[in-house]
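Residue strings, one per chain:
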Amino acid sequence: MKTTVSTLHKMAAEGRKITMMTCYDASFATLLDTAGVDILLVGDSLGMVIQGGDSTLPVTQQEMEYHVRCVARGTKNALVLGDMTFGAYQQSPQQAFENASRLIQAGAHMVKLEGGAYMAETVRFLVERGVPVCAHIGLTPQFVNAFGGYKVQGRSEDDARRIVEDARTLADAGASMVLMECVPAPLAREITEVVRVPTIGIGAGPDVSGQVLVLYDALGVYPGKKARFVKNFMAEAGSIQGAVEAYVNAVRDGSFPAAEHCF
Ligand code: KIV
Ligand code: NA
């Protein structure tokens, strides 16, 4: 059965965990789709894991369209979520719609953009024109230069209050989902209680509607230091299919993320 915006809301309402993984090509799309991953995120993390860059900033919207097209061809049931790239949506709601509509035409069912409450006008503009939006808050990697590195967000009480307000405002503006990256687990739980839409976490603890991992992190093929929130599912599974199924099962039964993966 096809995963849609309404399926996701129903899952969250019934307390069934949503599974999301990044995906950049058709072969992995078919594998992930078959393993029951609900959402395939064509993330701008491809700038790092595919292109070998040290941030997501150089990725272009044209490159995203290409990878979305590849993933869409390999997908039967999963919802395809496409990232909006740095510089492709911040200027105006009109600019965002122009680029988002091309991502939808390439096969995405929803787009994801980074930023806080100030993005609400853009979110509303897209949603009113038929483009479902996932709002990405907390550690937003396109802000790496502004943050001065990849750091956990929302640790101080002021920051935490601002992030809760961001989530509330973006959900009120019509965002279909809120994705939180690298925030303390209690903050993610609070946001999940406050907003009426499904929440997805990465490094955000267990008390969210679903989880996302970068595929190459979950398979242990990304070089370099493993982030705290990552689990290498390949180590125990022995096959790629097995590792993806282990991830799906671990998210569904709540065994991932464990305390060791949380902030
Ligand atoms: O680009 C990406 O992979 C992402 C996830 C880390 C959420 O945005
Ligand atoms: Na991203």
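No experiment lies behind these values; they were computed from the predicted model shown.

Asks: Is there a simple way to think about the site of ligand 1 in this case?
Replies: All residues in the neighbourhood of ligand 1 are listed as T22, L41, G43, D44, S45, D83, K112, H136, L179, E181, I202 and V214. With respect to ligand 1, the backbone of D44 contributes an N or O atom lying 3.1 Å from an oxygen atom. Separating an oxygen atom of ligand 1 from a side-chain N or O atom of S45 is a distance of 2.6 Å. Summarising the interface, the protein chains cover 95% of the accessible area of ligand 1, which totals 260 Å² for the free molecule. For the shell around ligand 1, the class distribution of residues is four nonpolar, four polar and four charged.

Asks: I keep staring at the UniProt feature "binding site: Mg(2+)" (unreviewed entry) in the protein and nothing clicks. Help me out?
Replies: In this numbering, the UniProt entry assigns the feature "binding site: Mg(2+)" (unreviewed entry) to D44, D83 and E114. For the residues just named, distributed over 71 residues, the greatest C-alpha separation is only 11.1 Å, placing them together at one site. Considering the arrangement of structural elements, one finds D44 in the loop between β2 (39-42) and α3 (46-49). Assessed through its relative accessible area of 4%, D44 is described here as buried.

Asks: Explain the packing of helix α5 (residues 93-105) against helix α6 (residues 120-128) to me, please; I cannot follow it from the model alone.
Replies: Each pair of packed helices gets described by two things: the angle between the helix axes and the distance between those axes. At a minimum axis separation of 9 Å, α5 and α6 run at an interaxial angle of 45°. One finds that α5 runs oblique with respect to α6. Between α5 and α6 lies a crossing of right-handed hand. Packed against α5, whose contacting residues are P93, Q94, A96, F97 and A100, the element α6 presents E121, T122, F125 and L126 at the interface. A breakdown of the residues in the contact of α5 with α6 according to their chemical character gives six nonpolar, two polar and one charged.

Asks: Is there a simple way to explain the coordination of the sodium ion (ligand 2) in this structure?
Replies: When a metal carries six donors in an octahedron, the ideal angles between them are 90 or 180 degrees, while four donors in a tetrahedron ideally lie at 109.5 degrees. Every protein donor of the sodium ion (ligand 2) is listed here as D44 (OD) and D83 (OD), and their distances to the metal cover 2.2 to 2.3 Å. Of this pair, D44 sits in the loop between β2 and α3 while D83 sits in strand β3 (residues 79-83), and the two are 39 residues apart along the sequence. D83 gets classed as buried once you look at its relative accessible area, which sits at 3%.

Asks: I'm lost on the packing of aromatic side chains in this one. Help?
Replies: Applying the stated criterion across every chain, the model contains seven aromatic pairs. A centroid spacing of 5.8 Å and a plane angle of 85° characterise the contact between Y24 and Y216, whose relative ring orientation is edge-to-face. Residue Y24 is found in the loop between β1 (18-22) and α2 (26-34), and its partner Y216 is found in helix α10 (residues 215-218); the two are separated by 192 residues along the sequence. Residue Y24 is classed as buried on the basis of its relative accessible area, which comes to 2%. Taken together through their ring pairs, the aromatic side chains of Y24, F28 and Y216 make up a single cluster. A cation over a ring is seen here: R129 above F125, with NZ or CZ 3.5 Å from the ring centre.

Calculation rules
- Residues numbered from 1 in each chain as written.
- Chains lettered and ligands numbered in written order.
- Predicted model: local features only at pLDDT ≥ 70, side-chain atom pairs only at ≥ 80, totals over all residues.
- Heavy atoms only, no water.
- Near = heavy atom within 4 Å.
- Polar contact = N/O pair within 3.5 Å; in protein donor to acceptor, adjacent residues only side chain to side chain.
- Areas by Shrake-Rupley, 256 points an atom, 1.4 Å probe, with all protein chains shown as cover.
- Nonpolar A, V, L, I, M, F, W, Y, C, P; charged D, E, K, R; others polar.
- UniProt positions renumbered as here; feature names shortened; annotations may be inferred.
- Helix = DSSP H or I, 4+ residues; strand = E, 2+ residues; numbered from the N terminus.
- Buried < 20%, exposed > 50% of the residue type's maximum accessible area, 1.4 Å probe, protein only.
- Axes fitted to C-alpha atoms, helices over the stretch in contact; angles between N-to-C directions.
- Parallel < 35°, antiparallel > 145°, perpendicular 65-115°, else oblique.
- Left-handed = near helix turned anticlockwise from the far one by under 90°.
- Contact = heavy atoms within 4.5 Å.
- Donors = N, O, S within 2.8 Å, 3.2 Å for Na, K, Ca; no water.
- Phe/Tyr/Trp six-rings, centres within 6.5 Å; stacked < 30°, edge-to-face > 60°.
- Lys NZ or Arg CZ within 6 Å of the ring centre and 35° of its normal.

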